[in-house]
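Understanding the architecture of this molecule
Listed here are the chains, written in short residue letters.
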Amino acid sequence: MTRAGFVALAGRPNVGKSTLVNAIVSDRPQTTRRAIRGVLTEAERQLVMVDLPGVQRPRDGLTARMARRVSEELAGSDAALLILNGEQGVGPGDRFIARTLVESRLPVTIALNKVDRCNRAQTLAALEQAAGLDLEGEVFPLSARTGAGVGELVAHLGGLLPEGPFLFDSEQRSDQPRELLLAELIREAAIRRTFDELPHALEVVVEEVERPREDLVRIRALIWIESESQKRIVIGAHGRMIKAIGSAARRELQRELDCHVHLDLSVRVRRDWRGDEGLLDRLGFA
């Protein structure tokens, strides 16, 4: 009998959710705003990884929609995985997320990530803090970067899923439109370089994708930000930041599409776009 189901991933920014999903599913970064699913299919189990939007108190239209999506995704999941940063230990944000997961009444497993960067004392202290959360599931120390401990975690999560047929075709890796996946690759590259200044103020929309020949794809994308000062951050001195974002995004896009990519990036200011309900609808935030 096969097992299949949804596993909701939760964790603070920079705990390594995207890297862990990549280690489990593919080498493609995942979003933390829309609950993009990555699908892992093995002989007897299929895990559908739901990368939850940020679990946080609503502050504007965007975060309110993200909070609603978190509730919806948890209600439709079979298990949850809380990811912690072993280097940083457990903080108030982790405890807030843990309380949200307790309220969901799902079986919750804890992944203590980045232990490859910790010494033995740090790892033991972080494990003790993780065990102190009000969660009854097992704790798995691991490194998403190296893959150490990931196999054991996947086997455990597979055992939590209900018996039943597979939910997706065995070759399918995600249920999201191509343009959305490409936009998230670009956004991931931008966020990695501007997170301290623009943790939630940046969005990417792919406006056009064309394939003039088999080995080349042209992508035109727009980066939305909320102020001229943020635009200067994204562009950088002498255009160095936007060039770095474009180069990093192009590498990921080429890996995803398996061909050369010409990426045309532009930056546009739209004040308070996170509170613009019409724009959020057009950007696809449920």
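Because the structure is predicted, anything quoted here is derived from the model rather than measured.

**Focus on helix α4 (residues 120–131)**
Between its first and last C-alpha atoms α4 spans 16 Å; for twelve residues at 1.5 Å apiece the expected length is 16 Å, and the two agree. Within α4 the residues assigned to the buried category are T123, A126 and A130. One face of α4 carries all of its buried residues, which in axial projection span an arc of 70°. Seen from the buried face of α4, the exposed residues on the opposite side, beyond 90 degrees, are R120, A121, E128 and A131. Lining the buried residues of α4 we find β4 (79–85), β5 (108–113) and β6 (139–141). Capping the start of α4 is the job of one residue whose side-chain oxygen sits 3.2 Å from the backbone nitrogen of A121: N119.

**Some thoughts on the pairing of β5**
Most of β5 is tucked away: six of the six residues are buried. Neither face of β5 is open: one carries V108, I110 and L112, the other T109, A111 and N113, and all of them are buried. You can see the chain leave β4, run along helix α3 (residues 92–104) and come back into β5, and the turn it takes is right-handed. One ladder, built from three bridges, connects β5 with β6; its direction is parallel. Residue I110 lies in a different strand from β6, and its bridge partner there is V139.

**Some thoughts on the environment of V115**
As for its placement among the helices and strands, V115 is situated in the loop between β5 and α4. Overall, the relative accessible area of 19% leaves V115 in the buried class. Residues V115 and P141, 26 residues apart in the sequence, show an inter-C-alpha distance of 6.5 Å.

**Concerning the packing of aromatic side chains**
One pass over the structure, following the stated rule, counts zero aromatic pairs. The cationic tip of R268 hangs over the ring face of W224; the distance from NZ or CZ to the ring centre is 5.6 Å.

**Concerning the side chain of S143**
Here S143 is to be found in the loop between β6 and α5 (150–160). For S143, a relative accessible area of 1% translates into the label buried. A polar atom in the side chain of S143 sits 3.0 Å from the side chain of T146. Ignoring any residue separated from it by four or fewer positions in sequence, one finds S143 in contact with N113, K114, V115, D116, A148 and V150.

**Quick look at the confidence of the model for the protein**
Taken residue by residue, the protein gives an average pLDDT of 82. The fraction at 70 or more is 79%. Low pLDDT, under 50, characterises residues 26–33; the stretch is placed with 46 contacts to residues that sit more than four places away or in other chains.

**Comments concerning the pattern of salt bridges**
Considering all chains together, one arrives at ten salt bridges under this definition. For R145, the salt bridge is made with D116, and the minimal N-O distance between the two is 2.7 Å. Of this pair, R145 sits in the loop between β6 and α5 while D116 sits in the loop between β5 and α4, and the two are 29 residues apart along the sequence. Judged by its relative accessible area of 31%, D116 falls in the partly exposed class. Beyond isolated ion pairs, a larger network of salt bridges with shared partners links E207, E208 and R220.

**Quick word on the sheet that holds strand β8 (residues 216–225)**
Within the open sheet, the three strands sit side by side as β7-β8-β9. Their pairing is mixed. Unpaired on one side and paired on the other, β7 (203–213) and β9 (260–269) mark the two borders of the sheet. Each neighbouring strand pair of the sheet contributes to a mean axis angle of 15°, computed without reference to strand direction. In terms of strand pairing, β8 meets β9 through ten bridges, oriented parallel. What sits directly across from V217, in β9, is V261. Packing of helix α8 (residues 240–257) onto the sheet brings it into contact with β7, β8 and β9, and relative to β9 it is tilted by some 135°.

**Some points on α8**
Look at α8: 25 Å from first C-alpha to last across 18 residues, which is about the 26 Å you get at 1.5 Å a residue. Taken residue by residue, α8 has I242, I245, G246, A248, A249, E252, L253 and L257 as its buried positions. Remark: D258 follows α8 within two positions and exhibits a positive phi of approximately 60°.

About the thresholds
Residues numbered from 1 in each chain as written. Predicted model: local features only at pLDDT ≥ 70, side-chain atom pairs only at ≥ 80, totals over all residues. Heavy atoms only, no water. Helix = DSSP H or I, 4+ residues; strand = E, 2+ residues; numbered from the N terminus. Expected span 1.5 Å × (residues − 1). Buried < 20%, exposed > 50% of the residue type's maximum accessible area, 1.4 Å probe, protein only. Arc of directions from axis to C-beta. Contact = heavy atoms within 4.5 Å. Polar contact = N/O pair within 3.5 Å; in protein donor to acceptor, adjacent residues only side chain to side chain. Right-handed = clockwise from strand over helix to strand, strands pointing away. Pairing = 2+ DSSP bridges. Phe/Tyr/Trp six-rings, centres within 6.5 Å; stacked < 30°, edge-to-face > 60°. Lys NZ or Arg CZ within 6 Å of the ring centre and 35° of its normal. pLDDT = per-residue confidence, 0-100. Salt bridge = Lys/Arg side-chain N within 4 Å of Asp/Glu carboxyl O. Axes fitted to C-alpha atoms, helices over the stretch in contact; angles between N-to-C directions.

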